[in-house]
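Below, each chain spelled out in residue letters.
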Amino acid sequence: MSDIWSVNDHLEDILAAVRPLEPIELQLLDAHGCVLAEDVTVPIALPPFDNSSMDGYAVRSADLRGCDHSAPARLVVTGEVVAGTGDPPVVGPGQSVRIMTGGPVPQGADAIVPVEWTDGGSGHGPAETMAPGSVAYGQVQVFRAPEPGQYIRPRGSDIAAGSVALTAGTLIGAPQVGLLAGIGRAFVRVRPRPRVVVVSTGSELVRPGDELGPGRIYDSNSFTLSAAAKEAGAVVYRVSAVADDARALRTVLEDQLIRADLIVTSGGVSVGAHDVVKEALSNLGRTPGHVDFRRVAMQPGKPQGFGVLGEARIPLLALPGNPVSSYVSFEVFVRPALRRMSGLPNPFRPGVRATLEGDGPRSSPPGKRQFLRGVHDSYRRTVRPVGGSGSHLTGALAHADALIVVPEHTTEITPGDELDVVLLDTPV
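Residues numbered from 1 in each chain as written. Predicted model: local features only at pLDDT ≥ 70, side-chain atom pairs only at ≥ 80, totals over all residues. Heavy atoms only, no water.

Caption draft 1: Representation of the sheet that holds strand S10 (residues 138–142). Spatial ordering of the open sheet is given by S9-S6-S8-S7-S10, a layout of five strands whose pairing is mixed. The open sheet has two edge strands with one neighbour each: strand S9 (111–114) and S10. Direction aside, neighbouring strands of the sheet carry axes that sit 40° apart on average. (Pairing = 2+ DSSP bridges. Helix = DSSP H or I, 4+ residues; strand = E, 2+ residues; numbered from the N terminus. Axes fitted to C-alpha atoms, helices over the stretch in contact; angles between N-to-C directions.)

What follows is the structure, encoded as structure tokens:
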């Protein structure tokens, strides 16, 4: 391996070292945001019985052929069915049963007449709403004939019994929770959400809300990375900024191993005299594991570290400290690792090709993959850079919804060029 790592080689090394977390059984709401670790088979048909999709009357369609406003059909109402009725009455010739949406269709009925097609039992013109329960019996006039099967939701029309409702690898969102509940699943087997410990380093860092002293800056990286990890589906533990003390940092990391599936640090990985992460993790002492520090052919984000810590070999990714470098590094390296640990078949954000817009040409360093921040227009299929290439420009980063990828062999891009774009505002 050369002294300079390519982006692809560094990413492949990380993904080769992480595995999907072992499946666990969780209650349905606790499984929200997790990835299924099993195929889910439907034990019962959905819906489990023929039911009405309208408020109205269950009828025999043959009784109503040819009826209209000038010659309404008159049916005897023999009862009422609501959602939850266990033993609905039988509908015989010339009869009907008043029925509510979701109610089981009575035996003998083959269609539902919406209440608006009837007088609702009032003896007058077309009804606008269902009358109170006191008129559930008597007669009803029908002004329009239904087709056989109309407004009936047949048993199994949503999902047939024995079919696969959801496959392993499916991310469980609100619709999936609803489906699992609808087929009676109280527990489901999933890959748990990865637990991520985020640590920023630097004696200059101050917690947001506290007063800044001379030469101090607010700690933004740990908040940015924690939010990014949450967006990637992780359970996040943010640790207060650690000063530039190698022994103190090692102690912090050792203490965090018990609750981490992955550790992310920011800062202290370059070639400075006080790069504490590099100092602390290049010599782990009695702590098992190893961490390699590398130069990756990318801009921003050249200095990177990756390795494992502790008896459980917890992956650790050490990111650079400049805010944009840190965030871009998270998107390129950390997010795919977290999604792989979650059990998702494809851990990468979607990418598209887009035409570059802007005021003029931009340079890109030879031999490095450059990640520019941009705003993507999906309708016009264009992308416009925001801000410059500096790794400290967080204002521009906050207005970007995409990363513009400039290949290693390209040294200049001009408006009209077509480039790969990574979309940052997608939920997957």
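After that view, the rundown keeps rolling.
Caption draft 2: Representation of the pairing of strand S8 (residues 95–99). By the criterion of burial, S8 is predominantly enclosed, with four of the five residues buried. Of the pairings in the sheet, the one linking strand S6 (residues 56–59) to S8 comprises three bridges and is antiparallel in character. Directly across from Gly56, in S8, lies its bridge partner Ile99. The pairing of strand S7 (residues 73–81) with S8 spans four bridges and is parallel. In the strand pairing of S8, Glu80 is matched with Arg98. (Buried < 20%, exposed > 50% of the residue type's maximum accessible area, 1.4 Å probe, protein only.)

Caption draft 3: Layout of helix H2 (residues 174–182). Listing the buried residues of H2 in full gives Gln176, Val177, Leu179 and Leu180. All buried residues of H2 project into a common sector of 165° when viewed along the axis, lining one side. Counted as exposed and oriented over 90 degrees from the buried face of H2: Ala174 and Pro175. Its buried side turned inward, H2 meets strand S4 (40–41), strand S12 (164–166) and strand S13 (187–191). Count one or two residues on from H2 and you reach Gly184, which has phi positive near 90°. (Arc of directions from axis to C-beta. Contact = heavy atoms within 4.5 Å.)

Caption draft 4: Layout of the sheet that holds strand S2 (residues 24–27). With antiparallel pairing, the three strands of this open sheet are ordered in space as S2-S13-S3. At either end of the open sheet lies a strand with only one pairing partner, and these are S2 and strand S3 (35–36).

Caption draft 5: Spatial organisation of the pairing of strand S18 (residues 262–266). Among the five residues of S18, five are classified as buried, and the element is accordingly described as predominantly covered. With burial as the criterion, each face of S18 is covered, one bearing Leu262, Val264 and Ser266 and the other bearing Ile263 and Thr265. Two elements, strand S14 (residues 195–201) and S18, share five bridges in a ladder whose sense is parallel. Bridge pairing links Ser200 to Ser266 in S18. Summarising the sheet, S18 and strand S22 (residues 314–319) pair through four bridges and their orientation is parallel. Of the residues in S22, the one forming a bridge with Ser266 is Leu319.

Caption draft 6: Just the pattern of salt bridges, in detail. Per the counting criterion, the structure on display carries 15 salt bridges. A salt bridge links Glu38 to Arg185, with the shortest nitrogen-to-oxygen separation between them at 2.8 Å. Linking Glu38 in the loop between S3 and S4 with Arg185 in the loop between H2 and S13, this pair joins segments that are 147 residues apart in sequence. Two residues, Asp219 and Arg238, come together in a salt bridge whose shortest N-O distance is 3.8 Å. Of the two residues, Asp219 sits in the loop between strand S16 (217–218) and helix H3 (221–231) while Arg238 sits in strand S17 (residues 235–242), which places them 19 residues apart along the sequence. Among the residues examined, Asp219 registers a relative accessible area of 3% and is labelled buried. What makes Arg238 partly exposed here is its relative accessible area of 29%. Here the salt bridges share partners, and the residues they tie into one network are Asp13, Asp292 and Arg294. (Salt bridge = Lys/Arg side-chain N within 4 Å of Asp/Glu carboxyl O.)

Caption draft 7: Just the nonpolar core, in detail. By size, the foremost hydrophobic cluster in this structure holds 37 residues, and its most contacted members are Leu262, Phe333 and Leu338. Counting only elements with at least two residues in this core, the list comes to helix H1 (7–17), S14, H3, S18, S22, helix H6 (323–342) and strand S27 (402–406). For this core, the element with the highest residue contribution is H6, accounting for 10 residues. Contacts of Phe333, omitting those with residues within four sequence positions, involve Val7, His10, Leu11, Ile14, Val296, Met298, Gln304 and Leu317. Counting 22 residues, the second-largest nonpolar core is a separate cluster that includes Ala260, Ile263, Leu284 and Ile314. (Core = buried A, V, L, I, M, F, W, Y, C linked by side-chain atoms within 4.5 Å.)

Caption draft 8: Molecular detail of the side chain of Ser326. Structurally, Ser326 can be placed in helix H6. In this structure Ser326 comes out as buried when scored by relative accessible area, which is 1%. If we skip the residues at most four places from it in the chain, Ser326 touches Asn221, Leu225, Ser266, Leu319 and Pro320.

Caption draft 9: Structural detail: the packing of H3 against H6. As a packed pair, H3 and H6 sit with axes 10 Å apart at the nearest point and diverge in direction by 25°. Relative to H6, the element H3 lies roughly parallel. Here H3 runs over H6; the crossing is right-handed. Here Asn221, Thr224, Leu225, Ala228, Ala229 and Glu231 of H3 lie close against H6, whose contacting residues are Pro323, Ser326, Tyr327, Phe330, Arg335 and Leu338. Residues that form the contact of H3 with H6 fall into these classes: seven nonpolar, three polar and two charged. (Parallel < 35°, antiparallel > 145°, perpendicular 65-115°, else oblique. Left-handed = near helix turned anticlockwise from the far one by under 90°. Nonpolar A, V, L, I, M, F, W, Y, C, P; charged D, E, K, R; others polar.)

Caption draft 10: Summary view of the packing of H1 against H6. It is at 10 Å that the axes of H1 and H6 come closest, and there the two elements cross at 30°. By the criterion of interaxial angle, the relationship of H1 to H6 is roughly parallel. Considering the relative orientation of H1 and H6, their crossing is right-handed. Residues Val7, His10, Leu11, Ile14 and Leu15 of H1 lie in contact with H6, whose contacting residues are Val332, Phe333, Pro336, Ala337 and Arg340. Of the residues in the contact of H1 with H6, the class split is eight nonpolar, one polar and one charged.

Caption draft 11: Layout of the packing of aromatic side chains. Counted under the stated rule, the structure contains one aromatic pair. Considering the side-chain rings of Trp117 and Tyr151, the 5.9 Å spacing of their centres and the 70° angle between planes classify their relative orientation as edge-to-face. Taken as a pair, Trp117 in the loop between S9 and S10 and Tyr151 in the loop between S10 and strand S11 (152–153) lie far apart in primary sequence, 34 residues in all. Since its relative accessible area comes to 29%, Tyr151 is described here as partly exposed. Above the plane of the ring of Phe223 lies Arg238, whose end atom (NZ or CZ) is 4.1 Å from the centre. One residue, Arg294, lies across the ring of Trp5, its end atom 3.6 Å from the ring centre. (Phe/Tyr/Trp six-rings, centres within 6.5 Å; stacked < 30°, edge-to-face > 60°. Lys NZ or Arg CZ within 6 Å of the ring centre and 35° of its normal.)

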